[in-house]
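What the coordinates show
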Amino acid sequence: MKQGQFEQTYQPLWELLEQQIIALESPNRQLSGSELASFASRYRRLCHLHALATDRHYSSHLVDKLGDLVVRGHQQLYRRKQPFMQQLISFVVAGFPRLVRAQQSYIWWATALLYVPGLIIYLAILWQPDLVYTITPPAQVSSFEEMYDPQNRTLGSARESDTNVQMFGFYIRNNIGVSFRTFASGILFGVGSIFFLVYNGLLMGAVAGHLTNAEFTQTFFTFVVGHGSFELTAICISGAAGLKLGYALLAPGNLTRTESLKRASKIAIQLIYGVIIMLVIAAFIEAFWSSNNILMPWQKYLVGGFLWTVVISYFVFSGRGLDTRAEGSPS
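Note that the coordinates shown come from a computational prediction; the quantities given were computed from them, not determined experimentally.

**Observations concerning the overall build of the chain**
Looking only at helices and strands, the chain has 11 helices and zero strands in total. Secondary structure of the chain in N-to-C order comes out as α-α-α-α-α-α-α-α-α-α-α. When each of the 331 residues of the chain is scored for burial, the buried share is 41%. Put simply, 77% of the contacts in the chain that link residues at least 6 apart link residues at least 24 apart. As displayed, the chain offers around 18,000 Å² of accessible surface, 63% of which is attributable to carbon and sulfur atoms.

Now the structure itself:
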């Protein structure tokens, strides 16, 4: 068989295999179960074709191309699984921030849905204090006043928890619950995520506005400035993951809605892995640092500003040298 006939007959096979190898080399590994199942058999045929091309002395360009695919395919087929800690460190240092940047359209939408309603209701309550009762009941308003009373030695403590360790567990459970609802409700074509983002933004703005009117500004803002960088950013990312699920259902493109949702879920779940890590950090800061009312306000603001700088710099710069193409998001 001449080289031209050989290429015409078998080129579709190695081109298909090359696309699968590229997909496997990407961080998102976008291959269906059936494609993964057929990869091994296609790879064996590729090895046979490479051996034939070498034995028949076809052009070095073709032999080298097939040889390169053989090596890359071998790396994917027989790749050794990294130890868990190595995978975790790699994800935290590079994978998570790269993924957030790749999904930044969803992130910005979620951020706007959380902060814009919060800012509007905050300003409205400064102007008309009684509006706080349209967002939260009087009993809860009184509870917030007690929590952030400047006379307290510790701030923001839940009544049923007496120690910092207990509070740490309480904050983890509470924050993960809020974030999971914000994410999981995105399956309702994104409406659920939009609702929880807007609601949490309104609640946050209402509390901030009421406590400002009550002249508890210093105790409230010195409490939230420390852990807020991790907690609020995590909620935005949770909302973004939910919006991605909703968008996959609303605009599946050429895919079925089921397949579109499966692909979106792979990325969304990875975002939630990162969110959980951020919420654990936020809970630790909230329990052991934010609630301490002995420190000077300027110390709280200084550390809070530093933590916000760390979080922003992390998502802007971390892993940037390893950025790769990721699945597109809505524009």
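**A closer look at helix 9 (residues 217–250)**
Along its 34 residues, helix 9 runs just 42 Å from first to last C-alpha, ending more than 12% under the 50 Å computed at 1.5 Å per residue. Along helix 9, the sharpest change in direction is near 65° and occurs at G228. By the criterion of burial, helix 9 is predominantly enclosed, with 28 of the 34 residues buried.

**So, the confidence of the model for the chain**
Predicted confidence across the chain gives a mean pLDDT of 86, with 88% of residues reaching 70 or more. When pLDDT is averaged over each element of the chain, helix 5 (residues 104–127) comes out on top at 96 and helix 2 (residues 33–55) at the bottom at 82. Below a pLDDT of 50 lies the segment residues 156–161, which in the model reaches 16 contacts outside its immediate sequence neighbourhood of four places, other chains included. Predicted confidence for residues 323–331 stays below pLDDT 50, and this span has 21 contacts to residues more than four positions away or in other chains.

**Considering the nonpolar core**
Grouped together as the largest cluster of nonpolar side chains are 37 residues, with contacts concentrated most on F96, V100, F230, I237, L271, M278 and F315. Once residues within four sequence positions are removed from consideration, F96 is found in contact with F91, I237, Q270, L271, G274, V275, M278, Y314 and F315.

**Focus: the pattern of salt bridges**
Applying the stated criterion across every chain yields a total of three salt bridges. The salt bridge partner of K65 is E18, with a shortest N-O separation of 3.5 Å. Note that K65 is positioned in helix 3 (residues 60–77) and E18 in helix 1 (residues 3–25), a separation of 47 residues in sequence. Across the pair R263 and E259 runs a salt bridge whose closest N-O atoms are separated by 3.2 Å. With R263 and E259 both in helix 10 (residues 257–290), this residue pair falls four residues apart, about one helical turn.

**Re the environment of A264**
Note on placement: A264 falls in helix 10. For A264, a relative accessible area of 2% puts it in the buried group. Considered as a pair, A264 and P252 are 12 residues apart in the sequence and their alpha carbons are 9.9 Å apart.

**Some thoughts on the side chain of S185**
You can see S185 is positioned in the loop between helix 7 (164–184) and helix 8 (191–213). What makes S185 buried here is its relative accessible area of 10%. A polar atom in the side chain of S185 sits 3.4 Å from the backbone oxygen of T182. Not counting residues within four places of it along the chain, the set of residues in contact with S185 comprises G192, S193 and F196.

**Here we look at unusual backbone geometry**
Apart from glycine, the bulk of residues carry a negative phi angle, and the bulk of peptide bonds sit in the trans form. Phi at F189 takes a positive value of approximately 55°, unusual for a residue other than glycine. Tracing the chain through its elements places F189 in the loop between helix 7 and helix 8. Taking the relative accessible area as the measure of exposure, F189 reaches 43% and is therefore partly exposed. Phi at E215 is positive, roughly 65°, even though this residue is not glycine. By secondary structure assignment, the location of E215 is in the loop between helix 8 and helix 9. Taking the relative accessible area as the measure of exposure, E215 reaches 69% and is therefore exposed.

**Things to note about the packing of helix 7 against helix 10**
Contact geometry for helix 7 and helix 10: axes closest at 8 Å, N-to-C directions at 150°. On the basis of the axis angle, helix 7 is roughly antiparallel to helix 10. In terms of crossing hand, the pair formed by helix 7 and helix 10 is right-handed. Counting all contacts with helix 7, which are made through N164, V165, M167, F168, Y171, I172, N175, I176, S179 and F183, the residues of helix 10 involved are A268, I269, I272, V275, I276, L279, V280, A283, F284, E286, A287 and F288. Here the residues of the contact of helix 7 with helix 10 sort into 18 nonpolar, three polar and one charged.

**Quick look at the packing of aromatic side chains**
Counted under the stated rule, the structure contains 17 aromatic pairs. Their ring planes at 85° and their centres at 5.3 Å tell us that Y148 and F220 sit as a pair that is edge-to-face. Here F220 lies in helix 9 and Y148 lies in the loop between helix 6 (138–147) and helix 7, a separation of 72 residues in the sequence. Assigned by exposure class, Y148 and F220 land together as buried. Both rings, one in F220 and one in F221, keep their centres 5.0 Å apart while their planes meet at 75°; by these two values the pair is edge-to-face. On the basis of relative accessible area, F221 is assigned to the partly exposed category, the value being 27%. In this structure an aromatic cluster arises from ring pairing among F6, Y10, W14 and Y58.

About the cut-offs
- Residues numbered from 1 in each chain as written.
- Predicted model: local features only at pLDDT ≥ 70, side-chain atom pairs only at ≥ 80, totals over all residues.
- Heavy atoms only, no water.
- Helix = DSSP H or I, 4+ residues; strand = E, 2+ residues; numbered from the N terminus.
- Buried < 20%, exposed > 50% of the residue type's maximum accessible area, 1.4 Å probe, protein only.
- Contact = heavy atoms within 4.5 Å.
- Areas by Shrake-Rupley, 256 points an atom, 1.4 Å probe, with all protein chains shown as cover.
- Expected span 1.5 Å × (residues − 1).
- Bend = angle between axes of the 7 residues up to and from the residue.
- pLDDT = per-residue confidence, 0-100.
- Core = buried A, V, L, I, M, F, W, Y, C linked by side-chain atoms within 4.5 Å.
- Salt bridge = Lys/Arg side-chain N within 4 Å of Asp/Glu carboxyl O.
- Polar contact = N/O pair within 3.5 Å; in protein donor to acceptor, adjacent residues only side chain to side chain.
- Axes fitted to C-alpha atoms, helices over the stretch in contact; angles between N-to-C directions.
- Parallel < 35°, antiparallel > 145°, perpendicular 65-115°, else oblique.
- Left-handed = near helix turned anticlockwise from the far one by under 90°.
- Nonpolar A, V, L, I, M, F, W, Y, C, P; charged D, E, K, R; others polar.
- Phe/Tyr/Trp six-rings, centres within 6.5 Å; stacked < 30°, edge-to-face > 60°.

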